Amino acid sequence: MSTAGAGGAAAAALLLAVASGVIPAAAAEQPLAPAEKCRVEDKRLAELSGLASDGSAWYAISDGGSSLRVFVLDPADCSVRGVRTASNDPYDVEDLALGRDGSLWLADTGDNRRRRDGIALHVMPPGGGTTLYRLVYPDGPHDAEALLLDRAGVPHIVTKEPLGAAGIYRPGAPLTADHTVPLERVGSISLRSTQTPGGPVRGAFGSVLVTGGAVNQDGTLVAIRTYTEAYVYNAPDGDLVAAFQREPLRIPLPNEQQGEAIAWEPDGGLLSASEGNQPVRRIPGVAVAARTPGAQDEDAGSAPPPPGGDADQAQPPANPVGTGMSTGQALLLAAALAGLLIFVTRRLRRRTR
């Protein structure tokens, strides 16, 4: 068989595998690629750590400060359109979430030295004013940089753990401004280290530290990020805890200086941003890719806990039955099918001579 014939057979085998569902269609497409949108040049956002989008504006916060400040950015050029402020004096605001009613939730959860007795959430409604909610962990202080707001408006906090799994916490009672509400640990996330470059921590260590999070508008997709990667989980029923037991879609991020911000856009794209007056990058098509069966990367990160157990206690094989094969496995299978097709074609041609 000629080279052209062999190439045609390989292509036919690949198409056959995709059509039959052996290889997910997403595996035959180009990988998701972050593209620079604009650069944040305002020095007040030199420590940008949280980001949210409503489609017409971006909302950004910076670490530190003695009052609450949310910067409203123009998505066209990252310029500051305005600033929403409140007199609350925070300890260490680390993330930002946009509620379905337009309220801005600021996660005052930073605690690098793990010495805080409690943490706080500051909620800024569209009409002005601020409500302060105080919360306390059930198991001692934690550093946390990721705030997730589910479709019911319940906040979930994901801790930043240098050793072991990141904890997922949510209020154990309705939020009230009158007294401190206890948090309860409802799950955990274990991420596998990668060799993707980026972040202030050298080696693979920084690739497992959770530095931000976001939930899409309808609450069916949740993204967390590390210094080097974004992970997207399906939450079809809006249950964030259950979502983290599924295999995620892994997206390597560009070599960011100190990436701590991630946000969904209404069209299903993701935004990624870093400290250091770095570019804001957009990753289109993430929602579609995350919902494509089998599109998840087998080495992506968290593995589901065993039935009735916690992810901290045991981990199943990297690619458990039912999670689909990885892109690499799919392409190897396609190559094998192509080789088999070439072999069979040659045998048939010999028999007809």
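In what follows, the accompanying structure is described. It should be emphasised that the depicted structure is a prediction, and the values quoted were computed from it without experimental measurement. (Residues numbered from 1 in each chain as written. Predicted model: local features only at pLDDT ≥ 70, side-chain atom pairs only at ≥ 80, totals over all residues. Heavy atoms only, no water.)

### Here we look at the overall build of the protein chain
- Counting its secondary structure elements, the protein chain contains 4 helices and 20 strands.
- Burial statistics for the protein chain: of 353 residues in total, 49% are counted as buried.
- Of the contacts formed within the protein chain by residues at least 6 apart in sequence, a portion of 53% connects residues at least 24 apart.
- With the model as given, the accessible surface of the protein chain reaches about 15800 Å², and the carbon-plus-sulfur share is 52%. (Helix = DSSP H or I, 4+ residues; strand = E, 2+ residues; numbered from the N terminus. Buried < 20%, exposed > 50% of the residue type's maximum accessible area, 1.4 Å probe, protein only. Contact = heavy atoms within 4.5 Å. Areas by Shrake-Rupley, 256 points an atom, 1.4 Å probe, with all protein chains shown as cover.)

### Here we look at the pairing of strand E4 (residues 68-73)
- Among the 6 residues of E4, 5 are classified as buried, and the element is accordingly described as predominantly covered.
- Judged from the 3 bridges that link them, strand E3 (residues 58-62) and E4 form a sheet pairing that is antiparallel. Counterpart to Trp58 in the pairing with E4 is Leu73.
- From the end of E3 to the start of E4, which pair antiparallel, there are 5 residues, and Gly64 there has a positive phi angle of about 75 degrees.
- Bridge analysis of E4 against strand E5 (residues 80-86) gives 6 bridges, and the strand direction is antiparallel. Residue pairing for E5: Phe71 is matched across the bridge by Val83. (Pairing = 2+ DSSP bridges.)

### Notes on the state of the cysteines
- According to the stated counting rule, one finds 1 disulfide in the structure shown.
- Note that Cys38 is cross-linked by a disulfide to Cys78, the S-S spacing being 2.0 Å. Since a negative S-S torsion denotes a left-handed disulfide, the Cys38-Cys78 link at about 75 degrees is right-handed. Of this pair, Cys38 sits in strand E1 (residues 35-39) while Cys78 sits in the loop between E4 and E5, placing them 40 residues apart in sequence.
- In this structure Cys38 comes out as buried when scored by relative accessible area, which is 7%.
- Taking relative accessible area as the criterion, Cys78 reaches 4% and is therefore assigned buried. (Disulfide = S-S within 2.5 Å.)

### Examining the sheet that holds strand E18 (residues 259-264)
- Pairing in this open sheet of 4 strands is antiparallel, and the strands run E1-E20-E19-E18 from one edge to the other. Lying at the two open borders of the sheet, with one neighbouring strand each, are E1 and E18. The average angle at which neighbouring strand axes cross in this sheet is 25 degrees, direction not considered.
- Pairing analysis gives 3 bridges linking strand E19 (residues 270-274) to strand E20 (residues 279-283), with the strands arranged antiparallel. Paired with Ser272 across the bridge in E20 is Arg281. (Axes fitted to C-alpha atoms, helices over the stretch in contact; angles between N-to-C directions.)

### As for the sheet that holds E4
- Here we have 4 strands laid out as an open sheet, ordered E2-E3-E4-E5, and antiparallel in their pairing. Strands with a single pairing partner mark the edges of an open sheet, and in this sheet they are strand E2 (48-53) and E5. Each adjacent strand pair in this sheet contributes to an overall mean axis angle of 25 degrees, direction not counted.

### Observations regarding the nonpolar core
- If you look at the biggest cluster of nonpolar residues, it comprises 17 residues, and the most contacted ones within it are Ile189, Val222, Ile224, Tyr233 and Phe244.
- Every element with two or more residues in this core is listed here: strand E10 (144-149), strand E12 (166-171), strand E15 (221-225), strand E16 (229-234) and helix H2 (240-243).
- Leu221, Leu270, Val286 and Ala290 belong to the second largest nonpolar core, which has 16 residues in total. (Core = buried A, V, L, I, M, F, W, Y, C linked by side-chain atoms within 4.5 Å.)

### Digging into the environment of Gln217
- Topologically, Gln217 is positioned in the loop between strand E14 (212-215) and E15.
- In sequence terms Gln217 and Gly99 are 118 residues apart; their C-alpha atoms lie 8.6 Å from each other.
- The residues contacting Gln217, other than those within four sequence positions of it, are Arg100 and Pro266.

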